[in-house]
Amino acid sequence: MLKLLSPSSPAASPFLRALGSLTGFTRRNPNLVRRSFFCSDAKNGDGVVEIEFKGLGNEAEAESKSSSSSAIIPTNLNPEDYVKVLALPLLHRPLFPGFYMPIYVKDPKLLAALQESRHRQVPYAGAFLVKDEPGTDPSSETENSIPDLKGKELFDRLHEVGTLAQISSIQGDQVVLIGHRRLQITEMVDEDPMTVKVDHLKDKPYDKDDDVIKATSYEVISTLRDVLETSVLWRDHAQTYTQHISDFNFTRIADFGAAISGANKLQCQKVLEELDVHERLKLTLELVKKEIEISKIQASLMKKMEEKMLSEQRRKLLNEQLKAIKKELGLETDDRTALCEKFRERLEPNREKCPPNVLQLIEEELSKMQLLDASSSEFNVTRNYLDWLISLPWGNYSDENFDVLRAQKVLDEDHYGLTEVKERILEFIAVGKLRGMSEGKIICLAGPPGVGKTSIGRSIAHALNRNFFRFSVGGLTDAAEIKGHRRTYVGAMPGKMVQCLKTVGTANPLVLIDEIDKLGRGHAGHPASALLELLDPEQNANFLDHYLDVPIDLSKVLFVCTANVVHMIPTPLLDRMEVVSIAGYITDDKIHIAREYLEKTTREACGIEPEQVEVTDAALLALIENYCREAGVRNLQQHIERIYRKIALQLVRQGAANEPAVGDKIQSLSDEHAVVEVADSDEHVVGSEVRRDTGNISQSEATKTVEKVLVDSSNLPDFVGKPVFHAEHIYEQTPVGVVMGLAWTAMGGCPLYIETTQVEEAHGKGALQVTGQLGDVMRESAHIAHTVARSILLGKEPDNAFFADSKLHLHIPAGAIPKDGPSAGCTMITSMLSLAMKKPVNKDLAMTGEVTLTGRILPIGGVKEKTIAARRGGVKTIIFPSANKRDYEELTPNVKEGLDVHFVDDYSQIFNLAFGDHEN
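Calculation rules
- Throughout this description, residue numbers start from 1 for each chain and increase along the sequence as written.
- Two thresholds apply to this predicted model, a pLDDT of at least 70 for residue-level local features and 80 or more for giving and counting side-chain atom pairs, whereas whole-chain, interface and lining totals are computed over all residues.
- With hydrogens and water excluded, all non-hydrogen atoms of the structure serve as input to the side-chain values.
- Here a strand is any run of E in DSSP of at least two residues, a helix any run of H or I of at least four, and the numbering for each starts at the N terminus.
- To sort residues, take the accessible area from a 1.4 Å probe on protein chains only and compare it with the maximum for the residue type: under 20% means buried, over 50% means exposed, and anything in between is partly exposed.
- Should any heavy atoms of two residues lie within 4.5 Å, those residues are considered in contact.
- Each accessible area value is a Shrake-Rupley result obtained with a 1.4 Å probe; residue values ignore everything except the protein chains displayed when judging cover.
- Any residue with an atom within 4 Å of a point lines the site, the site being either a cavity, points on a 1 Å grid over the protein atoms alone where a 1.4 Å probe fits but cannot get out, or a pocket, an open set with protein on both sides within 12 Å along at least 5 of 7 lines.
- Grid points are joined across faces, edges and corners, and a volume is the space filled by probe spheres set on the points.
- Residue polarity follows a fixed list, in which Ala, Val, Leu, Ile, Met, Phe, Trp, Tyr, Cys and Pro are nonpolar, Asp, Glu, Lys and Arg are charged, and the others, Gly among them, are polar.
- Strand pairing follows a simple DSSP-based rule, namely that at least 2 bridges must link the two strands.
- Interaxial angles span 0 to 180 degrees and are taken between N-to-C directions of axes, which are lines fitted to C-alpha atoms, for helices over the stretch in contact.
- In a helix, the anticipated span is given by 1.5 Å times the number of residues less one.
- Geometric relationships in this document are graded by angle, where less than 35 degrees denotes roughly parallel, more than 145 denotes roughly antiparallel, 65 to 115 denotes roughly perpendicular, and other angles denote oblique.
- Handedness of a helix crossing follows the sense of rotation of the near helix relative to the far helix, less than a right angle counterclockwise being left-handed and clockwise being right-handed.
- Take the buried residues of types Ala, Val, Leu, Ile, Met, Phe, Trp, Tyr and Cys, join any two whose side-chain atoms come within 4.5 Å, and each joined set is a nonpolar core.
- Two rings from Phe, Tyr or Trp (for Trp, the six-membered ring) form a pair when their centres are within 6.5 Å of each other. A pair whose planes differ by under 30 degrees is stacked, one over 60 is edge-to-face, and the rest are tilted.
- Pairing of N or O atoms within 3.5 Å defines a polar contact, subject to two protein rules: one partner must be a possible hydrogen donor and the other a possible acceptor, and residues neighboring in sequence count only if both atoms are side-chain atoms.
- The disulfide criterion used throughout: a pair of cysteine sulfur atoms within 2.5 Å.
- Only residues above 30% relative accessible area that lack a salt bridge enter a patch, with like-charged residues linked at up to 9 Å and the nonpolar side chains Val, Leu, Ile, Met, Phe, Trp and Tyr linked at up to 5 Å.
- For this document, the term salt bridge refers to a Lys or Arg side-chain nitrogen within 4 Å of an Asp or Glu carboxyl oxygen.
- All tallies of charge rest on Lys and Arg as positive and Asp and Glu as negative; His and the ends of each chain are not included.
- Note on charges: their place is set at NZ of Lys, CZ of Arg, CG of Asp or CD of Glu.

**A word on the overall build of the chain**
Of regular secondary structure, the chain possesses 31 helices and 26 strands. The buried share of the chain, reckoned over its 920 residues, is 45%. Partitioning the intrachain contacts of the chain with sequence separation of at least 6 by distance along the chain shows that 74% fall at a separation of at least 24. Just so you have it, the chain exposes about 47,600 Å², and 51% of that area is on carbon and sulfur atoms.

**Re empty space enclosed by the protein**
A full pass over the atoms with the stated rule returns three cavities of 30 Å³ or more. Roughly 50 Å³ of internal volume is contained in the second largest cavity. Along its surface, the second largest cavity is lined by Ala-594, Glu-599, Val-615, Leu-620, Ile-640, Ile-643 and Tyr-644. If you list the elements that add at least two residues to the lining of the second largest cavity, you get helix H20 (587-606) and helix H22 (634-678). A per-element tally of the lining of the second largest cavity places H22 first, with three residues. Per-class residue counts for the lining of the second largest cavity are six nonpolar, no polar and one charged.

**Digging into the sheet that holds strand E14 (residues 558-563)**
Within the open sheet, the five strands sit side by side as E10-E11-E14-E9-E15. Their pairing is parallel. The open sheet has two edge strands with one neighbour each: strand E10 (468-472) and strand E15 (578-581). Taken over all neighbouring pairs, the strand axes of this sheet differ in orientation by 20° on average, direction set aside. Pairing analysis gives five bridges linking E10 to strand E11 (residues 510-514), with the strands arranged parallel. Bridge pairing in E11 links Phe-469 to Val-511. Running at roughly 140° to E15, helix H14 (residues 419-435) makes contact with strand E9 (442-446), E14 and E15 of the sheet.

**Observations concerning the environment of Lys-202**
For Lys-202, the position within the fold is in the loop between strand E8 (195-200) and helix H5 (211-230). The spacing of Lys-202 and Leu-183 is 19 residues in sequence and 8.9 Å in space, taken between C-alpha atoms.

**Focus on H14**
The periodicity of an α-helix, 3.6 residues per turn, causes residues three or four positions apart to be oriented the same way. The first and last C-alpha atoms of H14 sit 24 Å apart over 17 residues, in line with the 24 Å expected at 1.5 Å per residue. Val-421, Lys-422, Arg-424, Ile-425, Leu-426, Phe-428, Ile-429 and Gly-432 are the residues of H14 that are buried. Note on H14: the residue one or two positions beyond its end, Gly-436, has a positive phi of about 80°.

**What to know about the pairing of strand E4 (residues 100-104)**
On E4, burial follows the alternation: Met-101 and Ile-103 on one face are buried, whereas Tyr-100, Pro-102 and Tyr-104 on the facing-out side are not. The sheet contact formed by E4 and strand E7 (residues 174-190) spans five bridges and is antiparallel. Paired with Met-101 across the two strands is Leu-177, which belongs to E7.

**Describing the packing of helix H27 (residues 825-837) against helix H31 (residues 907-915)**
Interhelical geometry of H27 versus H31 gives an angle of 50° and a closest axis separation of 11 Å. The orientation of H27 relative to H31 falls into the category oblique. Both H27 and H31 take part in a crossing whose hand is right-handed. Seen from H27, the contacting residues are Cys-826, Ile-829, Thr-830, Leu-833, Ser-834 and Met-837; seen from H31, they are Tyr-907, Ile-910, Phe-911, Ala-914 and Phe-915. Here the residues of the contact of H27 with H31 are counted per class, giving nine nonpolar, two polar and no charged.

**Remarks on the nonpolar core**
Formed by 56 residues in total, the largest nonpolar core has its most connected members in Met-497, Ile-513, Ile-516, Leu-534, Leu-535 and Leu-548. Grouped together as the second largest cluster of nonpolar side chains are 53 residues, Ala-594, Leu-636, Val-711 and Leu-716 included.

**Regarding the packing of aromatic side chains**
Inspection of the entire model under this criterion finds seven aromatic pairs. Between Tyr-385 and Tyr-547, the aromatic rings sit 6.1 Å apart at their centres with planes inclined by 70°, giving edge-to-face as the arrangement. Of this pair, Tyr-385 sits in helix H12 (residues 377-391) while Tyr-547 sits in the loop between strand E12 (543-544) and strand E13 (551-552), and the two are 162 residues apart along the sequence. On the basis of an interplanar angle of 50° and a centroid distance of 6.1 Å, the ring pair of Phe-880 and Tyr-888 is categorised as tilted.

**Let's talk about the side chain of Asn-715**
In this fold, Asn-715 is placed in the loop between strand E17 (709-711) and helix H24 (716-720). One polar contact links the side chain of Asn-715 to the main-chain amide nitrogen of Asp-712, over a distance of 2.6 Å.

**Digging into the state of the cysteines**
Tallied over the entire structure, the rule returns zero disulfides. Of all cysteine sulfurs, the one in Cys-444 lies closest to Cys-561, which takes part in no disulfide; the gap is 5.8 Å.

**With respect to the side chain of Thr-616**
Its location among the elements puts Thr-616 in the loop between strand E16 (613-615) and helix H21 (617-626). A polar contact is formed between the side chain of Thr-616 and the side chain of Asp-712, at a distance of 3.0 Å. Apart from residues no more than four positions distant in its own chain, Thr-616 is found in contact with Arg-595, Leu-710, Val-711, Asp-712 and Ser-713.

**What about a positive patch on the surface?**
There is a patch of like positive charges on the surface, built from Arg-642, Arg-645, Lys-646 and Arg-653. Structurally, Arg-645 can be placed in helix H22.

**Description of the pattern of salt bridges**
Using the criterion set out here, one finds 25 salt bridges in the structure. Where Asp-387 meets Arg-346, a salt bridge forms, and the shortest distance between an N and an O atom there is 3.0 Å. Here Arg-346 lies in helix H10 (residues 335-347) and Asp-387 lies in helix H12, a separation of 41 residues in the sequence. The class for Asp-387 is partly exposed, based on a relative accessible area of 23%. Between Asp-617 and Arg-595 there is a salt bridge whose closest N-O contact spans 2.7 Å. Placement of Asp-617 in helix H21 and of Arg-595 in helix H20 is noted, with a sequence separation of 22 residues between them.

**Regarding the environment of Arg-157**
Relative to the helices and strands, Arg-157 resides in helix H4 (residues 151-157). Put simply, Arg-157 and Pro-89 are 68 residues apart on the chain and 9.1 Å apart in space, counted from C-alpha to C-alpha.

**With respect to unusual backbone geometry**
Backbone torsion omega between Asp-192 and Pro-193 reads -5°, so that peptide bond is classified as cis. Its place among the elements puts Pro-193 in the loop between E7 and E8. A positive phi angle, near 60°, is found at Asp-549, a position not held by glycine. Position of Asp-549 among the secondary structure elements: in the loop between E12 and E13. Taking the relative accessible area as the measure of exposure, Asp-549 reaches 46% and is therefore partly exposed. The phi angle at Lys-838 is positive, at roughly 60°, despite the residue not being glycine.

**Notes on the environment of Lys-556**
Its location among the elements puts Lys-556 in the loop between E13 and E14. With relative accessibility at 19%, the residue Lys-556 sits in the buried group. Distance from Lys-556 to Gly-440, taken between C-alpha atoms, is 4.3 Å for residues 116 residues apart in sequence. Apart from residues lying up to four places away in sequence, Lys-556 is in contact with Tyr-397, Met-437, Ser-438, Glu-439, Gly-440, Arg-466, Ala-507 and Asn-508.

Printed below as a string of structure tokens:
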């Protein structure tokens, strides 16, 4: 039989009454709802009794009185009868008598055995702490590692002393245990599930009236009381434990203190294994003393944090009060007023140059900002808007250079050739000098890649003494990049032009708009349309950016645009620009550029002295002819850099081969110097000895200087690899039906062979087949040429029915390259007539020109590029349309040197030149 004892009962222990006073545990609380578990003492053999109290006022008291018999429940369970129990492994902490412990059982066999035991009214098992695996971190183990232990391995890992636990409930794989008494494993009975034989341990006899035991227990109680006053968590533990335990004695006090302490599992296991009550009390006292120290440290930290927070709040409050006082006294202004004053200070130097409408707008925005809350989004928008307005160089112009001679010198220092571009810039300067002021212009530099379009823009800015700003519009798809975003959008910014003016700080910079022929078009507008206003001299004096929403004068800005292909620029935009063509460089130009510019800069970049390397003219010529035939010099620069990098590596390797000998010499000198110092010789003698030997080292280094590296045409492939290009002449002697034409590409000009052959011959089988990736325009030219050639042959040889009875195949080599354009018409006619009359044309002859059905020759484009390509291909005679005579005469003499050029209006003239009585 087991009776319930309340903390207010006289029979309760002093510790129970102390805990009751701290936790509020009293039977007089009408609203208390609790469920209590009581663990019986081992001597009387009683089991566990569950009693539930519900405080519902007077009715509950009456009900409890009427059912007072439920407080005394007979039990016949005797835990000592269980000598074989299931072994439950505990990983984190041991289970103490009188305490709950929920565990998770992952082993299905063990869980089934526990359920079966509970159903057979044998709800007991043994709970044993698992030992840490040797050589591992105890904190790294998890419950997932327990199911991996089986049989003998699990038995060896269990501590011998554990707790007899009653199985209170099983929900899923969660098992709630209640500790009863101490057990000790004697042997293993079964491996799966683990079943062991146990002995029930009893405490060693002790004298309850022993003063030492009483004093120790009272000290434990006093320490626990102090901890309970500071720790809410401990207070909850105490309230739960007083509900479970009916009698508090010395052993219960020791178990209670150890169980609720924060000690590690080994210290708790040591308390569980101790059977001497006095020793157990001392171990528990050590643990609770540590807890009280930890509680004190925690309280101290909390106090410091509270003091710090109070101090910061107090400081913040005092600062706000100080600001308010200073503001009332006029000693200090708030952030908005100070910001407005800064904006006015920045505006003051340019106030006189700033347009009146802009000044009025700035003042309105400043007044508006003073009324806005500093934390509002509108305040930040207004502040950014004012910052952009005030940052623009309203009326600030840089002093321009009107010295034509100085500008000519600057342009010649940076670039070789480009006569037409330089002449146009000098004209611009001359007009500005005569007028006393300069206006903005829009110039478009068109030419193949690598001819210096972008770099000449920087040189022009230097020559004019203007600030330089470059931005590329290649692939640009958003018109807002040019015109800016509306201020209503989050993250709105002005367009590129406004950003340019803020960056350069002047209103007359040189703006280079790169890759204008590669503008994109997206869902956010067409940038080419946005550029119309920017590049129109009649409109850009009042350019309106969407972000600023005030007119900006861009009439003094010099715009220089660059493009590779002019016809890809939209026509309305191209109409606003003055196009200056840059055709490219011939071989002589490239050699000069390589000598005067590229080789010098590359040598300095690689750290090579001029006397250490020599690149011959033959090597440069071979490099240009066989590796770098492009119109520009970018590829040439890359190859020269490649040559000098290999030279640098060669020089370093040669130098490294000589360094060890010098190092050994210096080491021997240092050793000799040390020996002399040890011998206490004359310091002056030693110094002169070292200086004399050092001079010998310098002489030896001079004799071992690295040999000069010579780059010639013979060893050029060692530096840049095998040649990329070969001779333009595919044929030593031009065969029948093959004629050289001239083509224009974005990379410059190039020779283009046209080949015609006879596929089959039969009466009335006249036809034409064309190959070589020809475009629609070029296919039409081939059919026109076939018709014209047939007409000419009929006039020259009426009896020749070649075209009527022959199926012809016309091919233009390099079939992987798309080709299109009308300028190959006369070349196709000549190729077909050569095949029909079985007469080859001169191998040094090239021609270009569009032909009509009546045989008229129409003008073509790219005269300079085609002329350069003809010279590079070793052509001596060129046939151009008469309408292109002026274009040819504008070429420089070095381009026209050594060429015999004929200008024709009708194909009959070409026929006489190609098939006349001259040596083929």
